[in-house]
Amino acid sequence: MSFVKYWAVGSALAVTLALSAACSSPTTPTPPPPPPPPVAAPPTLTCTEGVSRATVNASGMAVSFDTPPVKDGQGSVSVECAPPSGETFPIGTTEVKCTATDSLNRKGECSFNVTVSKLAQLSKTRYLAFGDSITAGEVTFPVGSTQFGAAITKQVVVPSAAYPTILLKTLQGRYASQADAMIVANYGLGGEKAVNARDRFFQALNIVRP
């Protein structure tokens, strides 16, 4: 009986000690939640300095431009401009405002000007240059010299130096939209008498129809 008694007491003590040890053992701490991902800076736009176009149309013209580049912003960022690229802009200066919007509905804005100018035009594009050797383009060309150093020259017609040629290039540069239709007919003739020039003048009018 004594053995049984002591065995029972010992077993109860062992269970008690085991439970006490289990309750007093340290627990593993719960790790803190990870920090939220960083939020990007609000979107920003960089607009161009401006767009300039020219047209002969009095009502303006369609103007296309690149979408301004966007920086930062959270998630997908959309960019809208008003008036949009490809819109018909009137003669004058129009301000274009562009807005970038990210997924957090934050916005960035910039603006630039679109300037449309009206090209100058002439009501007439066909001209008749009627005159003498200067009109024809006659220039003095040295061909040698005498023994005393005096230059020997002769008159040479150089079409590229003629006044009508220079006039045509000037008109084409000034009125670029009409350059292909521009005509300056050179009817210069050196050494002609006025009595003969009259008939030639009327002939030139009938041919050129300036």
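Reference entry: report on the structure contained in this document.

Reading guide: rules and limits
- Residues numbered from 1 in each chain as written.
- Predicted model: local features only at pLDDT ≥ 70, side-chain atom pairs only at ≥ 80, totals over all residues.
- Heavy atoms only, no water.
- Helix = DSSP H or I, 4+ residues; strand = E, 2+ residues; numbered from the N terminus.
- Buried < 20%, exposed > 50% of the residue type's maximum accessible area, 1.4 Å probe, protein only.
- Disulfide = S-S within 2.5 Å.

1. Description of unusual backbone geometry
Residues other than glycine predominantly adopt negative phi, and peptide bonds predominantly adopt the trans conformation.
And step 1. Note that the residue after Ala82, namely Pro83, is joined by a cis bond; omega there is -5°.
And step 2. Structurally, Pro83 can be placed in the loop between strand 5 (78-82) and strand 6 (88-89).
And step 3. The phi torsion at Arg209 lies on the positive side, around 55°, for a residue other than glycine.
And step 4. Within the secondary structure, Arg209 is located in the segment after helix 4 (194-208).
And step 5. For Arg209, a relative accessible area of 59% puts it in the exposed group.

2. Overview of the state of the cysteines
By definition, a disulfide links the sulfur atoms of two cysteine residues through a covalent bond.
And step 1. Using the criterion set out here, one finds 2 disulfides in the structure.
And step 2. Through a disulfide, Cys47 is tied to Cys110; the S-S separation comes to 1.9 Å. Judged by the torsion about the S-S bond (70°), the Cys47/Cys110 disulfide is right-handed. Placement of Cys47 in the loop between strand 1 (44-45) and strand 2 (51-55) and of Cys110 in strand 8 (residues 107-118) is noted, with a sequence separation of 63 residues between them. With respect to class, Cys47 is no different from Cys110; both count as buried.

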